[in-house]
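# Report on the structure
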Amino acid sequence: MTKPPASLLVLFGATGDLAQRMLLPSLYDLQRDGLLPAELRILATSRAEHDDDGFRDLAARAIQSQCDGKAEPGQLRALLERMHYQSADSGSPEAMAALAARVKQLKRGDVLFHLSTAPKLYGPICEALGQHGLGGSDSRVLLEKPIGHDLASACAINDGVARVFDEDRVFRVDHYLGKEGVQNLLALRFGNALFEPLWNARHIAQVQITVAETVGVEGRGDYYDHSGAMRDMLQNHLLQLLCLTAMEPPSQFDPSAVRNEKIKVLRSLRPITGADAASHSVAGQYTAGAIGGQAVPGYRDELGRASNTETFVALRAHVDNWRWSGVPFYLRTGKRMAARSTEIYLQFRAVPHSIFGAHSRAEPNALVIRLQPEERISLELMTKKPGLDRDGLKLAQVALDLDLHDAFGAERRRTAYERLYLDALEGNGTLFVRRDETEAAWQWVDGILGAWREQGQGPRPYPAGTWGPSSAVSLTERHGHSWRD
Ligand code: BG6
């Protein structure tokens, strides 16, 4: 028999930026569509002093501002009625005792604790919950990234959480896994027989994974400057996309089967250390430039001080296993780039021989899985260019293009947190990151960051509104490949 969903969601960091921009609006969307468990109560908490009504006002404003004031009044009221607020400083034993008492008063079954606070508080919060008898088998914990700053700090956080919550009750969020387009990658790979025979080193020449943003650091300079593109994006989102692209077919779409395959990919990543870092990685930092015709300041100006933090990273990675031997996986992510674009590009090997002669070269086929801003799948094929071909048949590349917004026009696109909340409330961990994955990803990333430090490899400048420093171009071109911009 499946367990009923959690009866109480306790949201730590409820007045923070993530809660206001993403979490509360996603809860509203679920409420509006009748998808929240009927009995669910929400207990919001943070250090800020509010009473229930004060927090409800704040939450209503946050929700309205994300939907241009168009929230349905009845549904908004119904969501707010589920909400309670308890101010608590996690460092104060009295405040945590009062919070625990409120949790006990409101819970009617399982409890989901969502920690959207500074990660250094995860251990102490879990410890306090455990002391108050709230770490039992009827509770689980949802943790936001970043889990640590490096392997050592990630292990310390994970140990602190594990002292109270068993791993199968720990749900680490990587919001990319909640995105429709990312799950579609799984549907494409494992719902079609067409691709699997070609999905290997014999047929694929190179893979590129790009997560390009046009935004800068958006007022999060203090966090970002201690993090940088490698820790903020690559260690989690890009490596998760790499895992889903490269993993072996899991036997089922369930938490153990999927995560057992992802961890094998992470453990097969060839270390990039020592002198390899210079030929396999590029760090960049944006300077002033223009995006969409608008002048934008450089990173240091935005931050208001000098900094050596990378806002761009590109890597040439290898998954050293049977399936992917010798295939480069180019990964790149950056802020203030030329366009917002998240995509996975797989270039197939070229035909072994051209029957049409030297004047009509067949370009290699490619599959482009575009996740953002639009969801689209394109298969680039060679066709004959129309004409009488007196001097020989000419080939042209065209794309078989599937626009998923058109294909499912009537379906509402769900935000990542809608899906992740429902899964966590129901206790389904398939789209959450397991401890061993986080730690393996940190271990690999630590190797690169360590090599940068050893070799004194700092970020190269790139003007905002471009595709990164020119050395990122040589990263691929040196090997006869080029970025798909
Ligand atoms: C977050 C990063 O995890 O992902 C941000 O901390 C980044 O720096 C964001 O902007 C990107 O997410 P999305 O969903 O806009 O692609």
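Residues numbered from 1 in each chain as written. Predicted model: local features only at pLDDT ≥ 70, side-chain atom pairs only at ≥ 80, totals over all residues. Heavy atoms only, no water.

We now examine the environment of T438. You can see T438 is positioned in helix α15 (residues 435-455). In this structure, the C-alpha to C-alpha distance between T438 and H280, residues 158 residues apart in sequence, is 22 Å. Dropping the residues within four chain positions of it, T438 is found in contact with I147, R172, Q235 and V433. (Helix = DSSP H or I, 4+ residues; strand = E, 2+ residues; numbered from the N terminus. Contact = heavy atoms within 4.5 Å.)

This part takes up helix α2 (residues 52-66). Because an α-helix completes one turn every 3.6 residues, residues spaced three or four positions apart along the sequence face the same direction. Look at α2: 21 Å from first C-alpha to last across 15 residues, which is about the 21 Å you get at 1.5 Å a residue. Those residues of α2 that fall on the buried side of the exposure criterion are F55, R56, L58, A59, A60, A62 and I63. Looking at the buried residues of α2, the elements they touch are α1 (17-32), β2 (41-46), α3 (73-82) and β3 (83-87). Trailing α2 by a residue or two, D68 shows a phi angle of about 50 degrees, which is positive. (Expected span 1.5 Å × (residues − 1). Buried < 20%, exposed > 50% of the residue type's maximum accessible area, 1.4 Å probe, protein only.)

This part takes up the nonpolar core. Membership of the largest hydrophobic core comes to 145 residues, with the highest contact counts inside it found for F113, L234, L239, L367 and W444. In terms of residue count, helix α9 (residues 228-246) provides more of this core than any other element does, 11 residues in total. Those residues in contact with L367 that sit more than four places away from it in its chain are L188, F195, W199, I344, Y345, L346, F348, I377, S378 and L379. (Core = buried A, V, L, I, M, F, W, Y, C linked by side-chain atoms within 4.5 Å.)

Turning our attention to the sheet that holds strand β1 (residues 8-12). An order of β3-β2-β1-β4-β5-β6 is seen for the six strands of this open sheet, with the pairing classed as parallel. Either end of the sheet is taken by a strand with one partner, and the two such strands are β3 and β6 (170-172). Pairs of neighbouring strands in the sheet enclose a mean axial angle of 20 degrees, with direction left out of account. The pairing of β2 with β3 spans five bridges and is parallel. (Pairing = 2+ DSSP bridges. Axes fitted to C-alpha atoms, helices over the stretch in contact; angles between N-to-C directions.)

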